[in-house]
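What the coordinates show
One letter stands for each residue in the lines below.
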Amino acid sequence: MADLFETATNAGNFHTLIQAAEAAELIDTFKSPGPFTIFAPNDDAFAKLPQGTLDELLQDIPKLKKIVAYHVTFGDVRTDDLIEIDEAQTLEGSVVAIESTDNGFKINDANVLKTDILADNGTINVIDEVLMTAMFA
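Residues numbered from 1 in each chain as written. Predicted model: local features only at pLDDT ≥ 70, side-chain atom pairs only at ≥ 80, totals over all residues. Heavy atoms only, no water.

Next up on the list: the overall build of the protein. Along the protein, the regular secondary structure elements total seven helices and seven strands. Secondary structure elements of the protein occur, N-terminal to C-terminal, as α-α-α-β-α-α-α-β-α-β-β-β-β-β. Taking 14 Å as the expected radius of gyration for a compact globule of 137 residues, we find that the protein reaches 14 Å, a close match to that expectation. Each principal axis of the C-alpha distribution contributes one length, and for the protein these read about 40 × 30 × 25 Å. Within the span of the protein, comprising 137 residues, buried residues form 47% of the whole. Residue pairs at least 24 apart in sequence account for 63% of intrachain contacts in the protein once pairs closer than 6 positions are excluded. When the accessible surface of the protein is split by element, carbon and sulfur atoms take 47% of a total near 7,000 Å². Treating the 8 positive side-chain charges of the protein as one cloud and the 24 negative ones as another, the clouds have centres 3 Å apart. (Helix = DSSP H or I, 4+ residues; strand = E, 2+ residues; numbered from the N terminus. Rg over C-alpha atoms; globule rule 2.2 N^0.38 Å. Buried < 20%, exposed > 50% of the residue type's maximum accessible area, 1.4 Å probe, protein only. Contact = heavy atoms within 4.5 Å. Areas by Shrake-Rupley, 256 points an atom, 1.4 Å probe, with all protein chains shown as cover. Lys, Arg positive; Asp, Glu negative; His and termini not counted. Charge placed at Lys NZ, Arg CZ, Asp CG, Glu CD.)

Leu 4, Phe 14, Phe 30, Ile 38, Leu 64, Val 68 and Ile 124 are the most contacted members of the largest nonpolar core, which has 29 residues in total. Of all the elements in the fold, those that place two or more residues in this core are helix 1 (4-11), helix 2 (15-23), helix 3 (27-31), strand 1 (36-41), helix 5 (53-59), helix 6 (61-69), strand 6 (110-119) and strand 7 (122-127). The residues contacting Val 68, other than those within four sequence positions of it, are Ala 20, Ala 21, Leu 26 and Phe 30. Listed in part, the 13 residues of the second largest apolar core include Tyr 70, Leu 82, Val 96 and Val 112. (Core = buried A, V, L, I, M, F, W, Y, C linked by side-chain atoms within 4.5 Å.)

In terms of burial, strand 1 is a largely internal element, six of the six residues being buried. A two-sided burial pattern is seen for strand 1, the buried positions comprising Phe 36, Ile 38 and Ala 40 on one face and Thr 37, Phe 39 and Pro 41 on the other. In the sheet, strand 1 pairs with strand 2 (residues 72-74) via three bridges, with the strands oriented antiparallel. When the bridges of strand 2 are listed, Phe 36 appears paired with Phe 74. The pairing of strand 1 with strand 7 spans six bridges and is classified as parallel. Following the sheet pairing, Ala 40 is matched in strand 7 by Val 126. (Pairing = 2+ DSSP bridges.)

What follows is the structure, encoded as structure tokens:
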């Protein structure tokens, strides 16, 4: 099985997340033993950002690093775990809210589109929005 970086790369719909993680120098984390869980915005999620936002973030590496790290939690968080917990500590230091709904799960305000994409060092759960909070504004 591949690590989180290889798994995300091979999935083919996380190009922007990988670009952001590379710019933020977080690829080593995605390749480390972990385990980590990435609440991974797909390329469509990044496309929803206001025009110019991604370019601005790519010019502000400290802010970009915080935002990418805010999508990564410690441990291997799968569907069974999402049912049981209501928040998770992120690599950035803050927590994300986890809610179980009739349609699946939400991470903050983002819908979880797909769960349990397994890698050697963790799990990827696909979300439909880039997680942003007031602290990043």
